[in-house]
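Tertiary structure, described
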Amino acid sequence: MMNDKLKNICVRELRTFATVIVLLLYCVKRIYWIVAVNGNFLTEPRTKVKRVELCIGLSDPCHVALSYGSDHYRLHLSMSPIRFLFNILISSLFILSVSSTFPLLPFHHHLPDELHPAVQVKRAIMAHQFLIAHNCVRAAYGLSPLRWNRTVAKYAHRWADQRAADCQLMHSPDSPYGENMFWSKKSHWGPTEVVKCWADEKVYYNQKTNECINGEKCDHFTQLVWKDTERVGCGRVRCNNDKGFLYVCSYDPPGNYYFEGPFGGTFTKSIAYPPPGSV
């Protein structure tokens with residue numbers, strides 16, 4: 001009686017496992033089935049399986065039958081009941097020994113937040129939006145498009161993380177890159193809106209004299225359209241204590257060199273001036 005119950009349990013578990021495997025294979029667009037025919041293994045490409053028959057028993061040899069169009073293949077798996085139960089027992093003991101040595105915890109508990117799949121997808125979408133927004137602005141001035149760079153993006157995100165405590169628009173000291181920063185109180189500001197806000201500074205840039213006018217800032221715009229910049233990377237963080245959101249974009253090579261214009265040329269005036277005594 002107990003032997004029959006054990007048999008039924010083993011059969012049920014094996015059928016469940018085999019069903020999952022077959023369903024996974026069924027979802028693949030192009031599958032190469034290994035078919036046993038008279039002891040010879042043949043590899044046949046099958047793009048779609050029309051019918052799957054699964055029969056697993058202890059008294060009779062196991063078989064899996066696959067139908068494709070007019071073709072029908074049958075895979076025989078011969079195994080005695082005693083050998084079948086023995087294999088189940090050995091496999092169970094192995095799993096128990098491994099799980100006791102290495103406790104099985106949910107995989108996401110071991111993942112840092114930045115490596116969580118949902119975070120990765122969100123960052124990828126944000127990167128695409130930032131890149132498209134930058135290149136739309138540059139295309140309006142006939143400039144070459146920027147490329148997204150992971151190293152530059154990591155630098156930007158790392159600096160944004162360091163500013164998460166106070167959420168201050170403080171530029172990274174001794175940065176090898178150019179840098180634009182933006183702060184918002186609410187989360188509805190996306191990459192497109194942030195870049196547009198920087199691009200709107202164009203009305204305060206005098207291209208003839210190479211200076212910002214009316215006491216306004218225009219260096220975010222000039223970095224956007226700096227001709228020699230080739231790579232960009234951006235990051236966004238939520239600041240502590242509901243202080244808002246901070247956006248940082250880094251640019252390589254950097255722009256806004258003293259007495260140089262974004263579209264080329266040198267000038268007597270500058271978008272930004274060096275600190276007194278530094279030159």
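Refer to the structure presented above.
Okay, so let's go over this structure. (Residues numbered from 1 in each chain as written. Predicted model: local features only at pLDDT ≥ 70, side-chain atom pairs only at ≥ 80, totals over all residues. Heavy atoms only, no water.)

**Section: the packing of aromatic side chains**
One pair of aromatic rings is described through two measures. These are the centre distance and the angle between the planes. For clarity, the threshold we go by: Only Phe, Tyr and Trp rings are paired, with Trp represented by its six-membered ring, and only when their centres lie within 6.5 Å; those with planes under 30 degrees apart are stacked, over 60 edge-to-face, the remainder tilted. Relative accessible area decides the class of each residue, using a 1.4 Å probe on protein chains only: under 20% of the type maximum gives buried, over 50% gives exposed, and in between gives partly exposed. A helix here means a DSSP run of H or I that spans at least four residues, while a strand means a run of E at least two residues long, and both kinds are numbered starting from the N terminus.
Inspection of every chain in the model, using the stated rule, returns eight aromatic pairs. A ring pair is formed by Phe182 and Trp189, whose centres lie 5.0 Å apart and whose planes are at 50 degrees; its orientation type is tilted. A relative accessible area of 9% places Phe182 in the buried class. For the pair Trp226 and Tyr257, a centre-to-centre distance of 6.3 Å together with 55 degrees between the ring planes defines the contact as tilted. Of this pair, Trp226 sits in the loop between helix H6 (219-224) and strand E10 (231-238) while Tyr257 sits in the segment after strand E11 (245-252); the two residues are 31 residues apart in sequence, bridging distant segments of the chain. Put simply, the rings of Tyr141, Tyr205, Phe221 and Phe263 touch in pairs and so form one group of aromatic residues.

**Regarding the side chain of Glu201**
Keep this limit in mind: Counted as positive: Lys and Arg. Counted as negative: Asp and Glu. His and the chain ends are not counted at all. Only one rule defines a salt bridge in this text: a Lys or Arg side-chain nitrogen within 4 Å of an Asp or Glu carboxyl oxygen. Residues count as neighbours in contact if any of their non-hydrogen atoms are within 4.5 Å of one another.
Tracing the sequence through the fold places Glu201 in the loop between helix H5 (191-199) and strand E8 (205-206). Of the buried charged residues, Glu201 lacks a salt bridge, with Lys217 as the closest side chain of opposite charge at 6.7 Å. What Glu201 contacts, discounting residues up to four positions off in sequence, is Lys217, Cys218, Asp219, His220 and Phe221.

**A word on the pattern of salt bridges**
One pass over the full model with this rule turns up seven salt bridges. Here Arg231 makes a salt bridge to Asp252, at a shortest N to O gap of 2.9 Å. Here Asp252 lies in strand E11 and Arg231 lies in strand E10, a separation of 21 residues in the sequence. Taking relative accessible area as the criterion, Asp252 reaches 19% and is therefore assigned buried. Each of Glu230, Arg231 and Asp252 takes part in a single network of salt bridges with overlapping partners.

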